[in-house]
Amino acid sequence: MRDHYDVVVVGGGAAGLNGALMLARARRSVVVIDADAPRNRPASGVHGLLALDGTPPAELLERGRAEVRRYGGHVVSGEVATASRDADGFTVTLAGGGSVRARRLLVTSGLVDELPDVPGLGDRWGRDVLHCPYCHGWEVRDQAIGVLASGPMSVHQALLFRQWSDDVTFFSHTRPAPSAEEAEKLAARGIRVVTGEVARLEVVEDRLVGVRMADGTTVGREALAVSPRMVARAGFLSTLGLHPVEHPAGVGEHIPTDPTGRTEVPGVWAAGNVTDLMAQVGASAAAGAAAGAQINADLVEEETRQAVASYRTPFSAEAEARVGELAMGERGHGL
């Protein structure tokens, strides 16, 4: 890793790598700092991604790193601790020591899924405990699916999973019972509602077989859908005055951006799950690519302003230094 880059990308998932790919192909110096904590690590494959459906997440990322490096981009392992700004740009400090400077930042650090406190839930996450029907619905089609109420989108989640199976049970758990309108929708779709608190998951030979209720009864299920609270992984941005805020849908906390990926801090863009909590891999990658293009355009504008200023004052100190550097090359070192 060098001391200075045009762009530092914080996060090496689909959004970060695609953003870096766009920037590297635009002949920008770029480094991706990757903490190696992908959200989809437990999943067996990435789904709904054209031409790459079913690719293991680790394989997809390794391909992406190779593509970034092919165009001169750098990908390094590390966790960003803080980011600060001065008149000349940004300084990114790593948790293990060391720092790097950049003219722009692209934040693609993703999110953390906070699961309900139900024994066994975390161990099955990404396997037979799922959240997204578009990511995993085909794999559990026609199975006995449970939906654990854990947020404002849980009834909607149950109605979605009904598309993949006619055996769906909704567990209200510790949430309020469905409203009259919601109950009518669930009943109309043949979705059974089970009230009462869920105590734990029943697992036999490394497979989910049921949901144990607090009263001791067990409801047989082969898969369980849950809506985690999704929280942007963005604590390192606090030193820039940039903090996650509650998502309008009430599903977690994100870093807001405008449609181009710009945050409220000049020079900082964000893409992927850190800002769009519900984006799948394809959408995250596309957002990273778009943000990378926007950052390059922003740098081009800055460089053009500087070039125009130099053009208007050809004998400025800056222009003389640039001419001297071009004329002397390596011979100018030490002067």
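Everything discussed here concerns the structure shown above.
Student: I'd like to hear about the sheet that holds strand E16 (residues 229-232), residue by residue, with values.
Tutor: Read from one edge of the open sheet, 4 strands run E7-E16-E18-E17, paired in mixed fashion. Only two strands of the sheet have a single partner each, and these edge strands are strand E7 (111-114) and strand E17 (245-246). Pairing of E16 with strand E18 (residues 252-254), which is carried by 2 bridges, proceeds in the parallel orientation. From the neighbouring strand, Met230 faces E18, where its bridge partner is Gly252.

Student: Give me unusual backbone geometry: which residues, what numbers.
Tutor: Phi angles above zero are rare outside glycine, and Ala51 is one such case at about 75°. On the secondary structure map, Ala51 appears in the loop between strand E2 (30-34) and helix H2 (57-70).

Student: Quick rundown of the pairing of strand E15 (residues 223-226)? Include the residues and the values.
Tutor: Side chains Ala223 and Ala225 project from E15 onto one buried face, and the interleaved Leu224 and Val226 project onto a second face that is buried too. Note that strand E8 (residues 129-130) and E15 share 2 bridges and pair parallel. Across the sheet, Val129 pairs through a bridge with Leu224, a residue of E15.

Student: Could you give me a rundown of the packing of aromatic side chains, with the residues and numbers involved?
Tutor: Within the structure shown, the criterion is met by 1 aromatic pair. Consider the rings of Tyr134 and Trp164, whose centres lie 5.7 Å apart with planes at 85°: the pair is edge-to-face. Of this pair, Tyr134 sits in helix H4 (residues 133-136) while Trp164 sits in the loop between helix H5 (154-161) and strand E10 (168-171), placing them 30 residues apart in sequence. Look at Tyr134 and you get exposed, because its relative accessible area is 51%. A cation over a ring is seen here: Arg2 above Tyr5, with NZ or CZ 4.8 Å from the ring centre. The ring of Trp138 carries the charged tip of Arg141 above its face, separated from the ring centre by 4.1 Å.

Student: Give me the environment of Met213: which residues, what numbers.
Tutor: Relative to the assigned elements, Met213 resides in strand E13 (residues 207-213). C-alpha of Met213 to C-alpha of Glu302: the two residues are 89 residues apart in sequence and 61 Å apart in space. Filtering out sequence-adjacent residues up to four positions away, Met213 remains in contact with Phe171, Val194, Thr195, Gly196, Glu197, Val198 and Ala199.

Student: Please give an account of the sheet that holds strand E12 (residues 198-204) that cites residues and values.
Tutor: On the basis of which strands lie adjacent, the open sheet formed by 3 strands has the order E12-E13-E14 and antiparallel pairing. Two strands bound the open sheet, and with one partner strand each, they are E12 and strand E14 (218-220). Strand after strand, the sheet turns through a mean of 30° between neighbouring axes, direction not considered. Here E12 runs beside E13; their pairing, made up of 6 bridges, is antiparallel. Note that in E13 the partner of Val203 across the bridge is Leu208.

About the thresholds
Residues numbered from 1 in each chain as written. Predicted model: local features only at pLDDT ≥ 70, side-chain atom pairs only at ≥ 80, totals over all residues. Heavy atoms only, no water. Pairing = 2+ DSSP bridges. Helix = DSSP H or I, 4+ residues; strand = E, 2+ residues; numbered from the N terminus. Buried < 20%, exposed > 50% of the residue type's maximum accessible area, 1.4 Å probe, protein only. Phe/Tyr/Trp six-rings, centres within 6.5 Å; stacked < 30°, edge-to-face > 60°. Lys NZ or Arg CZ within 6 Å of the ring centre and 35° of its normal. Contact = heavy atoms within 4.5 Å. Axes fitted to C-alpha atoms, helices over the stretch in contact; angles between N-to-C directions.

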